[in-house]
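Below are the chains, spelled out letter by letter.
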Amino acid sequence: MGAVTVIIERADSNFSAYVREVDGITATGTSIDEIKTSIIEALDVFVASCKEFDCAIPEALEGGYKITFELDIQSLLTIYQGIFTKSGLEKITGINQKQLWHYAKGLSKPREAQRQKIENALHRLGSELVSISL
């Protein structure tokens, strides 16, 4: 089974996505769900077209594939702005709200260490939430 990474980025008035491992597969949308649906459809159409026209299927897409979605920090903060407040993110990441605001507005990009802090904090939160039963 192959694996592909879908890169989701903020555009002017929506989001765009592309597949890192396969050139030419792109999608746009106004929400994360729309992007995911569109890119999965684009991948399915691409594989079906390769089969129909007897073209080589890229190795990453042969025999099924796992999709990983990768967001830049600005997109993450925009998509989840109604769920994660800057105050809440400050508490779990240790990054001050003003800096998070700069990342969200695209005024600055986080250094690798800051990006890793945000990712690790969200993964810890996710692990905590998954372990809860109600």
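The structure this text deals with has already been given above.
The rules behind the values
- Residues numbered from 1 in each chain as written.
- Predicted model: local features only at pLDDT ≥ 70, side-chain atom pairs only at ≥ 80, totals over all residues.
- Heavy atoms only, no water.
- Phe/Tyr/Trp six-rings, centres within 6.5 Å; stacked < 30°, edge-to-face > 60°.
- Buried < 20%, exposed > 50% of the residue type's maximum accessible area, 1.4 Å probe, protein only.
- Lys NZ or Arg CZ within 6 Å of the ring centre and 35° of its normal.
- 1 Å grid on protein atoms, 1.4 Å probe; cavity = no way out; pocket = protein on both sides within 12 Å on 5 of 7 lines; lining within 4 Å.
- Points joined across faces, edges and corners; volume = space filled by probe spheres on them.
- Nonpolar A, V, L, I, M, F, W, Y, C, P; charged D, E, K, R; others polar.

Q: I'd like a rundown of the packing of aromatic side chains, residues and numbers included.
A: If you walk through the whole model with that rule in mind, you get 1 aromatic pair. Seen in terms of ring centroids, tyrosine 80 and phenylalanine 84 are 6.1 Å apart; in terms of plane orientation they differ by 65°. Their pairing is edge-to-face. Take tyrosine 80: its relative accessible area is 26%, and that puts it in the partly exposed class. Above the plane of the ring of phenylalanine 15 lies arginine 10, whose end atom (NZ or CZ) is 4.8 Å from the centre. Here lysine 36 stacks its cationic end above the ring of phenylalanine 69, 5.0 Å away from the centre of that ring.

Q: Go over empty space enclosed by the protein with me, naming the residues and quoting the values.
A: All chains considered together, the criterion is met by 1 cavity of 30 Å³ or more. Considering the residues around the largest cavity, the lining is formed by Leu76, Leu77, Tyr80, Gln81, Phe84, Leu89 and Leu122. Partitioning the lining of the largest cavity into residue classes produces 6 nonpolar, 1 polar and no charged.

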